[in-house]
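Report on the structure
One letter stands for each residue in the lines below.
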Amino acid sequence: MQVEIVDLSKVPGVQDSLCYGIARTNQMADKKAAEYHTDQTLHVYFHLPAGSTAEQKARTEDTLRRRYIKMAPDTKLVEKIDEVPDNVPFVMGTRGASPQTRAEVARRVDAGKLEVIMDTTCPYVSTQEAAARKLLEEGYQLVFCGLPEYHGLPRLRGLAALYDKQVHVTHRPVDVAALPFKRVTRIGVILQTTWHMSLAKDAIAELVSQFREVRVMDTSCIDSLARDRKSTRLNSSHVSES
């Protein structure tokens, strides 16, 4: 099997093997640093995957601190908006936030209690949310193809809650059997942004075999195939066998 690896060298913002969202955030931070500096601690809203260890959190916080060092002497990672004190500079992180969190941020900004200096939400995260919202508005049950520890699930669950619905995770084909739906249920599928369709195709095939109507919205990031290690290994095997 030959798997073609996507060349990202000409994709704006993608550099140093970083995903588009992180590369874009770095560019935004560099530009903002030219005009903004504070002596306060910068608070960055940034979800970690479920099950992250204290060591992983510390490494992430150190990475954020180095990214924003030109703007503030220290940076604090927060995963809940109530962890952010009043009257501090605030950055919405690359991974975005639920509608409920955004509403609370807007309320505090309007009350003069929070200064949002940047919203670095990845455009692919916003696209995923738009797809999920469209499916929910059209009456589909929302099924998420991806890892159950995906950092974006709290955000997507907050969105589904606006429609009195849930997000159902199908990581593998076997997970489809556990879905609490009848065959006539309309199923709307979105993908983990950091996956590629090739990783979800087996679960999607099982959904199609079990339900009469399945609508799939490919919400994976443009560089997910290139960053898929499995694809890279397959390509390497093909080269070595040629």
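The notes below deal with the structure included here. Every value quoted in this text rests on a predicted model; they were computed, and no experiment measured them.

1. What to know about the sheet that holds strand β7 (residues 186-191)
Pairing is parallel in the open sheet, where four strands are placed in the order β6-β5-β7-β8. Two strands close off the open sheet at either side, each with one partner strand: β6 (167-169) and β8 (213-217). With strand direction ignored, the average angle separating the axes of adjacent strands in the sheet is 30 degrees. Across five bridges, the pairing between β7 and β8 is parallel. Across the sheet, the residue bridging to G188 is R215, located in β8. Against the sheet, helix α4 (residues 123-137) makes contact with β5 (141-145), β7 and β8, and its axis sits at roughly 175 degrees relative to β7, the strand it touches most. Most of the contacts of helix α5 (residues 153-161) go to β6, to which it runs at about 140 degrees, and overall it touches β5, β6 and β7.

2. A closer look at helix α2 (residues 54-67)
With 14 residues, α2 should cover 20 Å at 1.5 Å per step; its first-to-last C-alpha distance of 20 Å lies within 8% of that length. Buried within α2 are the following residues: T60, E61, L64 and R67. Considered in projection along α2, the buried side chains sweep an arc of 120 degrees and stay on one side of the axis. Among the exposed residues of α2, those pointing more than 90 degrees away from its buried face are A54, E55 and R66. If you follow the buried residues of α2, they end up packed against α1 (20-33), β1 (41-45) and β2 (74-78).

3. Concerning the sheet that holds β1
The strand order across the open sheet built from four strands is β2-β1-β3-β4, with neighbouring strands paired in parallel fashion. Strands at the two margins of the open sheet, each flanked by one partner only, are β2 and β4 (115-119). Averaged over all pairs of adjacent strands, the angle between their axes in this sheet comes to 25 degrees, without regard to strand direction. In the packing of α2 onto the sheet, the strands contacted are β1 and β2, and the crossing angle to β2 comes to about 135 degrees.

Definitions and cut-offs
- Residues numbered from 1 in each chain as written.
- Predicted model: local features only at pLDDT ≥ 70, side-chain atom pairs only at ≥ 80, totals over all residues.
- Heavy atoms only, no water.
- Pairing = 2+ DSSP bridges.
- Helix = DSSP H or I, 4+ residues; strand = E, 2+ residues; numbered from the N terminus.
- Axes fitted to C-alpha atoms, helices over the stretch in contact; angles between N-to-C directions.
- Contact = heavy atoms within 4.5 Å.
- Expected span 1.5 Å × (residues − 1).
- Buried < 20%, exposed > 50% of the residue type's maximum accessible area, 1.4 Å probe, protein only.
- Arc of directions from axis to C-beta.

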